Amino acid sequence: MWDEDLVGLWDSGPYDYGVMESSWVCLRADGTGWSAWANVGGASLSQLTWICPQEGKVELRYTWTALGPGFPGTPPALIEVDEEGPDDTLVRTCFAISLDTPPIGGPPVTTLHFEESVESCRRFGLLTREVDHLLARSQPEQGLSSTP
């Protein structure tokens, strides 16, 4: 079971004020997705599947992770893959979605709140619901990018 309100590309950016890193979570309607984390020293990219076992709860089951130096962007690209391989991490957490004003001000943002940290964050602002074309890629020449 999936909660369609979770579908989208979520960015920690609106809540990164004073933090030297950012995170992203992309959840697709087919139950697949990816997450990424980046700072000035590097980046990680993980592929995952997700499901809502009950209302207000989500399970993120990681299947593969790559680490390496990153190229800035939203989300970042891996310039080089230093380490990659299977990942069996399982994150089970409660979630809520609300309209919030980020701490630095600006217009309200649709915000995904996790009870447990995902990619070192608990709050993510919605960038877009149109995510079927967003792919997580590890090859240095392709990086983490979107394709039409």
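Refer to the structure printed above.
To start, this report covers the structure provided alongside it. Just so we're clear, the structure is a prediction, and the values are computed from it rather than from any experiment.

### Structural notes on the overall build of the protein chain
Alright, step 1. In terms of helices and strands, the protein chain carries zero helices and 13 strands.
Alright, step 2. Moving toward the C terminus, one meets the helices and strands of the protein chain in the order β-β-β-β-β-β-β-β-β-β-β-β-β.
Alright, step 3. Here the protein chain, with 148 residues, has 45% of them falling under the buried criterion.
Alright, step 4. Of the contacts made within the protein chain by residues no fewer than 6 positions apart, 48% connect residues no fewer than 24 positions apart.
Alright, step 5. Put simply, the protein chain shows about 7,700 Å² of open surface, and 52% of that area lies on carbon and sulfur atoms.

### Considering the packing of aromatic side chains
Alright, step 1. Scanning the model with the defined rule gives one aromatic pair in all.
Alright, step 2. Summarising the aromatic geometry, the rings of Phe114 and Phe124 are spaced 5.9 Å apart at their centres and angled 75° between planes, so their arrangement reads as edge-to-face. Highlighted residues: Phe114 in strand 10 (residues 109-118) and Phe124 in strand 11 (residues 121-128), separated in sequence by 10 residues.

### Some points on unusual backbone geometry
Alright, step 1. Phi angles above zero are rare outside glycine, and Glu119 is one such case at about 55°.
Alright, step 2. Counting through the fold element by element, Glu119 comes out in the loop between strand 10 and strand 11.
Alright, step 3. Glu119 sits in the buried class, given a relative accessible area of 16%.
Alright, step 4. The backbone phi angle of Ser120 is positive, close to 70°, even though this residue is not glycine.
Alright, step 5. Mapped onto the fold, Ser120 is located in the loop between strand 10 and strand 11.

### So, the environment of Met20
Alright, step 1. Here Met20 shows up in the loop between strand 1 (8-11) and strand 2 (21-27).
Alright, step 2. For the pair Met20 and Ala38, spaced 18 residues apart in the sequence, the C-alpha separation amounts to 8.7 Å.
Alright, step 3. With residues up to four places along the chain from it excluded, the contact list for Met20 reads Ala38, Asn39 and Val40.

### Some details on the nonpolar core
Alright, step 1. Among the nonpolar cores identified, the biggest contains 30 residues, and Leu6, Trp50, Val58, Leu60, Val118 and Phe124 are the most heavily contacted of them.
Alright, step 2. Within the residue set of this core, elements represented by two or more residues are strand 1, strand 2, strand 3 (32-39), strand 4 (42-51), strand 5 (57-68), strand 9 (90-100), strand 10 and strand 11.
Alright, step 3. Counting residues per element, this core draws most heavily on strand 5, which supplies five residues.
Alright, step 4. The residues touching Trp50, leaving out its near neighbours within four places in the chain, are Trp2, Asp3, Leu6, Val7, Leu27, Arg28, Gly31, Thr32, Val58, Glu59 and Leu60.

About the thresholds
Residues numbered from 1 in each chain as written. Predicted model: local features only at pLDDT ≥ 70, side-chain atom pairs only at ≥ 80, totals over all residues. Heavy atoms only, no water. Helix = DSSP H or I, 4+ residues; strand = E, 2+ residues; numbered from the N terminus. Buried < 20%, exposed > 50% of the residue type's maximum accessible area, 1.4 Å probe, protein only. Contact = heavy atoms within 4.5 Å. Areas by Shrake-Rupley, 256 points an atom, 1.4 Å probe, with all protein chains shown as cover. Phe/Tyr/Trp six-rings, centres within 6.5 Å; stacked < 30°, edge-to-face > 60°. Core = buried A, V, L, I, M, F, W, Y, C linked by side-chain atoms within 4.5 Å.

Geometry only, nothing functional implied.
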